[in-house]
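# Residue-level structure breakdown
Each chain, written out:
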Amino acid sequence: MRQVVREARTAGQHIGFVPTMGAFHDGHRALMRAARVDGGLVVASLFVNPAQFGPNEDLAAYPRDEKRDADLARDAGVDVLFAPTASEIYPGGFATTIHITGVTEILCGAVRGAEHFDGVATVVTKLFTIVQPDTAYFGQKDAQQVVVIRRLVRDLNLDVRIVACPIVREDDGLAMSSRNVYLTPSDRRRATALNAALTAANAAFATGERNTAALLSAARRVLDADGISPEYLELRRADDLAAVGETVTDEAILAVAARVGAARLIDNRTLGGDA
């Protein structure tokens, strides 16, 4: 991988990078196509990162099909699919972790543990060091992850531009996720309530509602109707995920996470936005 990067840089190429855990869907391919449009060498990584899974999470069951992923990546314009082994990324005696405070203890960090984002930050730093991209592309569906990565890049003075691409949805509004394969047909229908809840809050916002409790109530009513009890449903400032006060005065993200059947799903909406 480093040799390919050296040759690309010698040729004056821009390097675009899409970090993934595989099980590609149209959301991943949208990131790859965005990198392709920007030109140069397009690299995607495929690495199911054990460091970001908790002891009772779905590391063993996480969907894997490297041959299918390679074909999809090639079709989306990826030049290099970097698929390292766990022992290459975490060699024997590995003892370094990157911990980011202030944005990792809330939302998914509160549910999965802040160590989840320790694993994300550490592996992304390692991948950036190996691939040395000019630009890296992440999906806005993982809104907290995007904020964490931006903070990582800022704090460590990493010379990489972060692009957050819009959420890609199924026809019924469900945000595309590799974990959607866990859903039974009935759970698949219920899962659409997450986007419907965000849409209800966004509609209230569009008509002038700015009271935080009222906006959250509009979303919660939709979840309640489908019997979904969220792990969290919160309004956070878009730039730093700070808590929103009683009234929404700045751009805010309404974020939700819930278990629907066997799947843990997340989604979000920037109030006033189209995502």
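In short, a report on the structure.

Scoring rules and cut-offs
Residues numbered from 1 in each chain as written. Predicted model: local features only at pLDDT ≥ 70, side-chain atom pairs only at ≥ 80, totals over all residues. Heavy atoms only, no water. Helix = DSSP H or I, 4+ residues; strand = E, 2+ residues; numbered from the N terminus. Rg over C-alpha atoms; globule rule 2.2 N^0.38 Å. Buried < 20%, exposed > 50% of the residue type's maximum accessible area, 1.4 Å probe, protein only. Contact = heavy atoms within 4.5 Å. Areas by Shrake-Rupley, 256 points an atom, 1.4 Å probe, with all protein chains shown as cover. Salt bridge = Lys/Arg side-chain N within 4 Å of Asp/Glu carboxyl O. Axes fitted to C-alpha atoms, helices over the stretch in contact; angles between N-to-C directions. Parallel < 35°, antiparallel > 145°, perpendicular 65-115°, else oblique. Left-handed = near helix turned anticlockwise from the far one by under 90°. Right-handed = clockwise from strand over helix to strand, strands pointing away. Pairing = 2+ DSSP bridges. Expected span 1.5 Å × (residues − 1). Arc of directions from axis to C-beta.

## Remarks on the overall build of the protein
Helix and strand counts for the protein come out as ten helices and eight strands. For the protein, whose C-alpha radius of gyration is 19 Å, the value lies close to the compact-globule estimate of 19 Å for 275 residues. If one aligns the C-alpha atoms of the protein with their principal axes, the spans along those axes are about 55 × 40 × 40 Å. The proportion of buried residues among the 275 residues of the protein is 53%. Sequence-distant contacts in the protein: of pairs separated by 6 or more residues, those separated by 24 or more amount to 72%. Carbon and sulfur atoms make up 49% of the accessible area of the protein, which amounts to about 12500 Å² in all.

## Remarks on the pattern of salt bridges
For side chains of opposite charge, pairing can occur when their charged atoms come near one another. Counted under the stated rule, the structure contains 20 salt bridges. Residues Asp134 and Arg9 are paired through a salt bridge, measuring 3.4 Å at the closest nitrogen-oxygen approach. One end of the pair, Asp134, is in the loop between α6 (115-131) and β4 (135-139); the other, Arg9, is in helix α1 (residues 2-10), with 125 residues separating them in the sequence. Among the residues examined, Asp134 registers a relative accessible area of 27% and is labelled partly exposed.

## Side note on the packing of helix α9 (residues 193-206) against helix α10 (residues 212-225)
One way to put it is that α9 packs onto α10 with a least axis distance of 8 Å and a crossing angle of 150°. Compared by their axis directions, α9 and α10 come out roughly antiparallel. Both α9 and α10 take part in a crossing whose hand is right-handed. Of the residues in α10, those touching α9 at Ala193, Leu194, Ala196, Ala197, Ala200, Ala201, Ala204 and Phe205 are Leu215, Ala218, Ala219, Val222 and Leu223.

## Points about the pairing of β4
Of all five residues in β4, four are buried, a share of seventy percent or more. A crossover links β4 with its parallel partner strand β5 (residues 161-165), the connecting element being helix α7 (residues 143-155), and its sense is right-handed.

## A word on unusual backbone geometry
Leaving glycine aside, a negative phi is the common case for residues, and trans is the common case for peptide bonds. Residues other than glycine seldom take positive phi values, yet Leu107 does so here, at roughly 50°. The residue Leu107 is located in the loop between α4 (86-89) and α5 (108-112) in this model.

## A short note on the sheet that holds strand β7 (residues 252-260)
Pairing between sheet strands relies on hydrogen bonds along the backbone, with the strands arranged either parallel or antiparallel. The strand order across the open sheet built from three strands is β6-β7-β8, with neighbouring strands paired in antiparallel fashion. Of all the strands in the sheet, the pair left with one neighbour each is β6 (232-237) and β8 (263-270). Averaged over neighbouring strand pairs, the angle between their axes works out to 15° when direction is ignored. One ladder, built from eight bridges, connects β7 with β8; its direction is antiparallel. Along β8, the bridge assignment pairs Val260 with Ala263.

## Observations concerning helix α2 (residues 26-38)
Here α2 is 13 residues long and its end C-alpha atoms lie 18 Å apart, about the 18 Å a rise of 1.5 Å per residue gives. Along α2, the positions that sit buried rather than exposed are Gly27, His28, Leu31, Met32 and Ala35. The buried residues of α2 all sit within an arc of 145° when viewed along its axis, so they share a single face. On its buried face, α2 sits against β1 (15-20), β2 (41-46), α3 (66-75), β4 and β5. Where α2 ends, the next residue or the one after it, Gly39, has phi of about 85°, a positive value.

## Some remarks on the environment of Ala262
Within the fold, Ala262 resides in the loop between β7 and β8. On the basis of relative accessible area, Ala262 is assigned to the exposed category, the value being 55%. When the C-alpha positions of Ala262 and Leu72 are compared, they lie 26 Å apart, and in sequence the two are 190 residues distant.

## Section: the sheet that holds β5
The five strands are arranged β3-β2-β1-β4-β5 in an open sheet whose pairing can be described as parallel. Taken across any chain shown, the strands that pair with only one partner, and hence form the sheet edges, are β3 (80-82) and β5. Each strand axis lies, on average, 25° off the axis of its neighbour in the sheet, ignoring direction. The sheet contacts of α6 involve β1, β2, β3, β4 and β5, and relative to β1 the element is tilted by about 150°.

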